[in-house]
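Summary of structural features
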Amino acid sequence: MAVVLSTSSVPPGERLAYWQAAVWQTFVPSDVTTSKDGPFSGAVASDRLGCLRITTVDSDRQLVRRNRRLIARDQDEYLLVGLQRRGTGAVVQDGRTAPLEPGTFALYDTTRPYTLEFPDRFQLLVFQIPRSAFELPGLDLGRITGVSMGADEGLSAMMVPVLSTLAAEAGAHRSEIGEMLARNAVDLLTTVIAERLGRDVAGTDASHRTLLLRIRAFAESHLGDPELSPEAIAAAHHISVRHLQRLFQAEGTTVGGWIRRRRLEECRRELDRPRRSRPAVAAVAHRWGFVSPAHFSRAFRAAYGLSPREWQKQADGRDAAAVSLRLPDRGAEETIS
């Protein structure tokens, strides 16, 4: 199901404020400015494919800035891939500027300041990927942001048709197939990054990494199963629990810790939904594998500093307070299949 936010039915005087709120709701808190003759026009259409959130942005000219103040108030950590479809643009991050033309893409990291510049009307595909999905250390990601890729440059040229196809077919696959496609896309992008950085991905390390990717894809698809455990994961992949733990220890975590964090992230995402489409706290906990509501509440508070219900109340006013409005409920948001 694709979620569409459009300024088409919003009064002209309210469109820029509406668009600011739409950007916050779809991506991460950012400041948006634009200047043009006549009413502003823009639309975003988002869908999910496994761990990916895929969004098409079709908009008039604009400047998007994410600064340290906005980063400090935001708990989410993503790597975003912006693939230019129409018009031109630029991604500025880490002291580099990546010009964007149709068929090229650039990476930008929500944990550090960035600027997106679009001088005329444009269309951009944005792939929002949790940073935890990548195996590369943060230092490496910091070396690849703000760099144009995809214009007949080795493996990066392969990413363009892959990303375009994923965006076109995001809502057409069963959830388990979507999970596999998303993991394969992240794996390919990791390889593209490694090639660009000149890293060797061959040999034993690659074999361990491939196994870990399969394990994580399996665990992602079973997060809602309360029986998911290190023993169940190890048995499904014909390895010992000890070997499984070593794979995760190499990533600086444990199997149980990783499962708990991913479940809490998914619960938090659901609790952040608009009030009219938000499920009950108990239903969210049950859906993501928490058997005991009390245990879920304690784990959520330990991770985010608030109880689930306190988080919901904060979510109701968080974006509204930041932009001094809420998205108008006038049919400008719709869900399409």
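Scope of this entry: the structure provided in the associated data block. (Residues numbered from 1 in each chain as written. Predicted model: local features only at pLDDT ≥ 70, side-chain atom pairs only at ≥ 80, totals over all residues. Heavy atoms only, no water.)

Examining the environment of Pro-230
Just so we agree on the cut-off: Per the convention used, a helix needs a DSSP run of H or I reaching at least four residues, while a strand needs a run of E reaching at least two, with both numbered from the N terminus. Throughout this description, buried means an accessible area under 20% of the type-specific maximum (1.4 Å probe, protein chains only), exposed means over 50%, and partly exposed covers the range between. Contact criterion: two residues are considered in contact whenever any of their non-hydrogen atoms come within 4.5 Å of each other.
By secondary structure assignment, the location of Pro-230 is in helix α7 (residues 230–236). You can call Pro-230 buried: its relative accessible area is 18%. Taking C-alpha positions, Pro-230 is 6.3 Å from Val-241, a pair spaced 11 residues apart along the chain. For Pro-230, the residues in contact, after removing those within four places along its chain, are Val-241, Leu-244, Gln-245 and Val-255.

Quick word on the sheet that holds strand β7 (residues 89–93)
The condition that has to hold: Note on pairing: two strands pair once DSSP finds at least 2 bridges between them. Angles shown run from 0 to 180 degrees and are taken between the N-to-C directions of axes, each axis being a line fitted to C-alpha atoms and, for helices, limited to the stretch in contact.
Taken in spatial order, the five strands of this open sheet run β2-β5-β10-β7-β8, and their pairing is antiparallel. Single-partner strands in this sheet number two, and they are β2 (31–33) and β8 (96–100). Sheet twist, expressed as the mean angle between neighbouring strand axes with direction ignored, is 15 degrees. Relative to strand β10 (residues 114–118), strand β5 (residues 62–66) runs antiparallel, the two being bridged by five bridges. Within the sheet, the bridge partner assigned to Val-64 lies in β10 and is Leu-116.

Side note on the pattern of salt bridges
The line we're drawing: Between Lys or Arg on one side and Asp or Glu on the other, a salt bridge is scored when a side-chain nitrogen of the former is within 4 Å of a carboxyl oxygen of the latter.
Going through the model one piece at a time under the given rule, you end up with 18 salt bridges. For Arg-69, the salt bridge identified is with Asp-31, shortest N-O distance 3.3 Å. One end of the pair, Arg-69, is in helix α2 (residues 68–72); the other, Asp-31, is in strand β2, and 38 residues separate them in sequence. Judged by its relative accessible area of 29%, Asp-31 is partly exposed. Here the salt bridges do not stand alone but share partners, grouping Glu-77, Asp-94, Arg-96, Asp-109, Arg-112 and Arg-131 into one network.

Re the packing of aromatic side chains
Selection criterion: Side-chain rings of Phe, Tyr and Trp (the six-membered ring for Trp) are treated as a pair once their centres are within 6.5 Å; stacked means planes under 30 degrees apart, edge-to-face means over 60, and tilted covers the remaining angles.
Across all of its chains, the model carries nine aromatic pairs by this definition. Here the aromatic rings of Trp-19 and Phe-40 are separated by 5.5 Å at their centres, their planes lie at 55 degrees, and the arrangement is tilted. Placement of Trp-19 in helix α1 (residues 15–26) and of Phe-40 in the loop between β2 and β3 (42–49) is noted, with a sequence separation of 21 residues between them. Of the two residues, Trp-19 and Phe-40, neither departs from the other in class, the shared state being buried. The interplanar angle of 65 degrees and the centroid separation of 6.0 Å between the aromatic rings of Phe-248 and Trp-258 together place this pair among those described as edge-to-face. Highlighted residues: Phe-248 in helix α8 (residues 241–249) and Trp-258 in helix α9 (residues 255–271), separated in sequence by 10 residues. The residues Phe-248 and Trp-258 share a single accessibility class, namely buried. Put simply, the rings of Phe-290, Phe-296, Phe-300, Tyr-304 and Trp-311 pair up and form one aromatic cluster.

A closer look at the nonpolar core
This is how it is decided: Here, nonpolar core means buried Ala, Val, Leu, Ile, Met, Phe, Trp, Tyr and Cys residues that are tied together by side-chain atoms lying within 4.5 Å of each other.
Ranked by internal contacts, the top residues of the largest apolar core, which has 31 residues, are Leu-52, Val-81, Phe-105, Leu-107, Ile-129, Leu-189 and Ile-193. Where this core is concerned, the elements lending two or more residues are β4 (52–59), β6 (78–86), β9 (105–109), β11 (122–130), α3 (138–144), α4 (155–168) and α5 (175–197). The contacts of Val-81, once residues within four sequence positions are left out, are Phe-105, Ala-106, Leu-107, Leu-125, Val-126, Phe-127, Ile-129, Leu-163 and Leu-189. Core analysis: the second largest hydrophobic core is formed by 28 residues, Ile-215, Leu-223, Phe-248 and Ile-259 among them.

That is the geometry; function is a separate question.
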